[in-house]
Amino acid sequence: MPHVKPSLPAAPGGPGLHRFAWLTAGVTLGLIGLGGLVTSHGVGMAVPDWPTTYGYNMFFFPISQWVGGIFYEHTHRLLASGVGLLTTILALWLWGTKARKLLRWGGVAFLVGAASRPWWLPHDAHQTGASLGIVGAVALAASFVWPRREPSARHLRWMGVAAFFGVVLQGVLGGLRVVLFRDGIGVFHAALAQLFLVLVTLIAVFTGRWWAGLIREQSSRGRGAAAGLRLGLPALTGLIFCQLVVAATMRHQHAGLAIPDFPLAYHQIWPALDPASVATYNANRIETVAVNPITAGQIVLQLVHRLLAVLIFTGIAWVAGSTWRQLTWRHPLTRGAAVWLGLVLLQVGLGAWTIWSNKAADIATAHVVVGALCLVTGALLTALAFRVLIPGRVSLPATVARTNRGAPAGAPQVNLTH
Amino acid sequence: MKMYSRFFVVPALIAGLQAASAGDITGKVTLNGNPPPDQVNDLIKADPNCGPLHKDVVKIQFYVVDANKGLKDTIITLKGVAGKSTGEAAPAVVLDQTGCIYTPTILALQTGQKLVVKNPDPVMHTVHPAPNPDSGNKEVNKSQMPNGPDISFTFANPERFLKIKCDVHPWMLSWVTVVDNPYFAITGADGSFKIANVPPGKYTIEATHRKASGGKPVTKEIEVTAAGATADFSLDGPKAQ
């Protein structure tokens, strides 16, 4: 029961686009890790201004000043700019030859902006003017050599647009978090980062030959698995996203470990939460860095995080078992579910280690990164389930025909290989 | 003219009489129980810029207790004080940054009183007062260059243990208690304190340590006369969880 054609069709948009999308996704995962390091070290406010950095245009901030917490926060901002650039190029690439006009006029607009000496940034007008000028000149030059390739499929083009606006919004949220002193914005910033990673990863997968070569599964065994997996996978992925939002809330409350032990909580299954007990917990805390006092609500939040982890682990174990029983080992869903189970096991271990290490920055950051990978894997498996598993009522020829209709112009047609 | 004189003379007389009958509140705060061992600050030693500024091991002290259990750094305040803050006229309180450590770590000042932060370090810091959001005090975050000019802050509302931190060096912490009257003290190395020239009357006196007794104020009722008043406190050390 193969699910991928032996001879794969060409990647829609070419292998360059596909590889570039993966590069963007990889750098985005690195950026999430760096963001995790920023919060793990408690240095999110080490650069107190935005969009400038200590009054400098951020690209001109002297390397000699990248000390202490500034190093993490500043490199996070620089890498975020890199992701912004990669995402912009990716979005333009998806629009193919249609992007030429946008590049040309965008380049002109940037050059005009540079010539006007940006008045809204009085401290770094020359540096910002130079930055805008360089971007404008590069965009204008690129518009003349931009490849005349056909735009990608409509849904891919609009995913690119969503990624572009997502990365812009993400940058603005990060900046507002700093200048408005609002932890709530930090939570939103962290959650949006996860969704952005999912979006860019999906673009990377959808532009690949492997995805284009997938055909829908219509075996009797696959039919049995279809209904449960098409329901369970998105539900579990949504649950992981909720878990990541809970985790982001815990991190951005800057209260350190609300519960310092694991698997118990203050040596009990359910700790005392009355004000006197919470006061005792706070009095006994040994804070070496700036953390806020813990509250009963924060303790409950960490307990919810633990319970959600149990639910997610159980759910993923069910998915892995279900695919193993009902599909073959060669089926991409079975393999993907096994990877997912491995990731969530690793994540549980890292969560425990985060507590046992008193929230060591590198361990806590690894926990953030693997959490993001769990979400991405869930999203990919969901997309895969909807791509290859169909309920029995849909006939295969019709499905294949529909798949072929949705393929970009010029792309090879998907054929039955059974 | 007569009325005009009386307008100034009578309040001055009342103030003079009050000062004459004002008394000092003295006392001592001791710790009931044993303090936990001091925490070694590994972060500062690992920092390439701040680490070399220290030859010895740097420790974080949550409880500073002398041989007689006298507890340093306890804030003593009065409730029910009629007087208002004289912070604007009071001399500035200084917070120093030496070797990437705030000195002192426990401070108290009045609303409107200036807090001057100095940076004699060869290292850049940020000075980030992060008040409780419910206090109404303003959160700001300012950078201070090595040996840079002083930075001043004032706080409009009372608050216990308002956190001041450096985001470049996250172990740097200082805690400022803001009071809306001039009658407060911080216990010294032996746990003793003195609040001078308190107007006569009955008060609730509070002793608050950042850690001892769960960080909650321990209170007593006292009456201040011209002879003064005494209030001793015993605060609890860490309890088993």
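Structure report, in brief. No experiment lies behind these values; they were computed from the predicted model shown.

Brief notes about the overall build of chain B
At step 1: Along the backbone of chain B there are two helices and 19 strands.
At step 2: Relative to its full complement of 241 residues, chain B shows a buried share of 41%.
At step 3: Intrachain contacts of chain B at a sequence separation of at least 6 include 67% that bridge at least 24 residues.

Topic: the overall build of chain A
At step 1: The number of helices and strands found in chain A is 13 helices and two strands.
At step 2: The burial tally for chain A puts 40% of its 418 residues in the buried class.
At step 3: Taking all contacts inside chain A whose residues are at least 6 apart in sequence as the whole, residues at least 24 apart take part in 81%.

Quick look at the sheet that holds strand β10 (residues 142-144) of chain B
The strands making up a sheet associate through hydrogen bonds between their backbones, and the pairing can be parallel or antiparallel.
Residue and element names in this part refer to chain B.
At step 1: Within the open sheet, the five strands sit side by side as β7-β13-β12-β9-β10. Their pairing is mixed. At either margin of the open sheet sits one strand with a lone partner, and together these are β7 (106-110) and β10. Each strand of the sheet is rotated relative to its neighbour by a mean of 30°, with strand direction disregarded.

Comments concerning the packing of helix α10 (residues 296-326) of chain A against helix α11 (residues 332-356) of chain A
Helix-helix packing is characterised by the crossing angle of the two axes and by the distance between the axes.
All names here are of chain A.
At step 1: Look at α10 against α11: their axes get within 9 Å of each other, and the N-to-C directions meet at 155°. What the angle tells us is that α10 and α11 run roughly antiparallel. As for the relative orientation of α10 and α11, their crossing is left-handed in sense. Seen from α10, the contacting residues are A309, I312, F313, I316, A317, V319, A320, T323 and W324; seen from α11, they are L333, T334, A337, A338, W340, L341, V344, V348 and G351.
At step 2: Its residues placed into classes, the contact of α10 with α11 shows 15 nonpolar, three polar and no charged.

Concerning the pairing of strand β1 (residues 23-32) of chain B
All names here are of chain B.
At step 1: Of the pairings in the sheet, the one linking β1 to strand β15 (residues 192-198) comprises five bridges and is antiparallel in character. Residue pairing for β15: K28 is matched across the bridge by S192.
At step 2: Inspection of the sheet shows β1 paired to strand β18 (residues 229-230) by two bridges, in the parallel sense. Residue pairing across strands places T26 opposite T230, the latter belonging to β18.

Conventions used here
- Residues numbered from 1 in each chain as written.
- Chains lettered and ligands numbered in written order.
- Predicted model: local features only at pLDDT ≥ 70, side-chain atom pairs only at ≥ 80, totals over all residues.
- Helix = DSSP H or I, 4+ residues; strand = E, 2+ residues; numbered from the N terminus.
- Buried ≥ 20, exposed ≤ 12 C-beta atoms within 10 Å, placed from the backbone.
- Contact = placed C-beta atoms within 7 Å.
- Pairing = 2+ DSSP bridges.
- Axes fitted to C-alpha atoms, helices over the stretch in contact; angles between N-to-C directions.
- Parallel < 35°, antiparallel > 145°, perpendicular 65-115°, else oblique.
- Left-handed = near helix turned anticlockwise from the far one by under 90°.
- Nonpolar A, V, L, I, M, F, W, Y, C, P; charged D, E, K, R; others polar.

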